[in-house]
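# Descriptive structure summary
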Amino acid sequence: MAKKIAVSDTTLSDNKCDICYESKCCRYVTQNIDKPTSMRDFDLLLWQISHKNVHIFKDSEGWYLLFLSECLHSLDDGRCGIYEKRPLICRDHSNDYCEFDVSIEEGSDLYFGSYEALDKYCRKRYKGWDKRFKKKSWQQNA
């Protein structure tokens, strides 16, 4: 866990990064994925979320895989250890509205943090969820 950064007076800072000692944006990676539209698509998501530290969410911009994994360059005080040569995506990151304001989980339209949560959603969305394996189109690829 990151240590708190000693900040003399956080109320003087206009930069949220100066008071975000947890470096929230440096603790995950997201990957945009195609919108799932079929049982097969959601079954694939169940496989993906079955892996450690993988979550799935949908927000106003689309569907994403969320990999909870801290950046290797984060220092104990939460700052970037390669700040001067950090990747472009880090340089372009805006904190106008970021994880400091609201977590990904709270800011998402849909959020699945476990196999069970996604499975529950699928059962509600598809009445024949448990019968999907009996379909001939699924058996051909098994």
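The structure we're discussing is the one just above.
Everything in this summary refers to the structure shown in the same document. Computed from a predicted structure; not experimentally measured.

### Regarding the pattern of salt bridges
One pass over the full model with this rule turns up 5 salt bridges. The closest approach of N and O atoms between E70 and R27, which form a salt bridge, is 3.1 Å. A residue pair is termed long-range when its members are at least 10 positions apart, and E70 in the loop between β3 (62–68) and α2 (88–92) and R27 in the segment before β1 (28–33) qualify at 43 residues. Given a relative accessible area of 26%, R27 falls into the partly exposed group. In this structure, the salt-bridge partner of D109 is K58, at a minimum N-O distance of 3.1 Å. Of the two residues, D109 sits in the loop between α3 (104–107) and β4 (110–112) while K58 sits in strand β2 (residues 54–59), which places them 51 residues apart along the sequence. Connected through shared salt-bridge partners, D119, R123 and D130 make up one network.

### Considerations on the packing of aromatic side chains
Counted by the stated rule, this structure contains 6 aromatic pairs. Between the aromatic rings of F42 and Y121, the centroid separation amounts to 5.8 Å while the plane-to-plane angle is 45°, which identifies the pairing as tilted. Pair noted here: F42 is in helix α1 (residues 39–49) and Y121 is in helix α4 (residues 115–125), with a separation of 79 residues, a long-range link. On the basis of relative accessible area, F42 is assigned to the buried category, the value being 0%. Look at Y121 and you get partly exposed, because its relative accessible area is 22%. Following the ring pairs from residue to residue traces out a cluster consisting of F42, W63, F112, Y121, Y126 and W129. Stacked on the ring of Y83, the Lys or Arg R86 has its end atom at 3.8 Å from the ring centre. When the ring centre of W129 is taken as origin, the NZ or CZ atom of R132, which lies over that ring, is 3.7 Å away.

Calculation notes
Residues numbered from 1 in each chain as written. Predicted model: local features only at pLDDT ≥ 70, side-chain atom pairs only at ≥ 80, totals over all residues. Heavy atoms only, no water. Salt bridge = Lys/Arg side-chain N within 4 Å of Asp/Glu carboxyl O. Helix = DSSP H or I, 4+ residues; strand = E, 2+ residues; numbered from the N terminus. Buried < 20%, exposed > 50% of the residue type's maximum accessible area, 1.4 Å probe, protein only. Phe/Tyr/Trp six-rings, centres within 6.5 Å; stacked < 30°, edge-to-face > 60°. Lys NZ or Arg CZ within 6 Å of the ring centre and 35° of its normal.

Taken by themselves, the reported measurements are silent on function.
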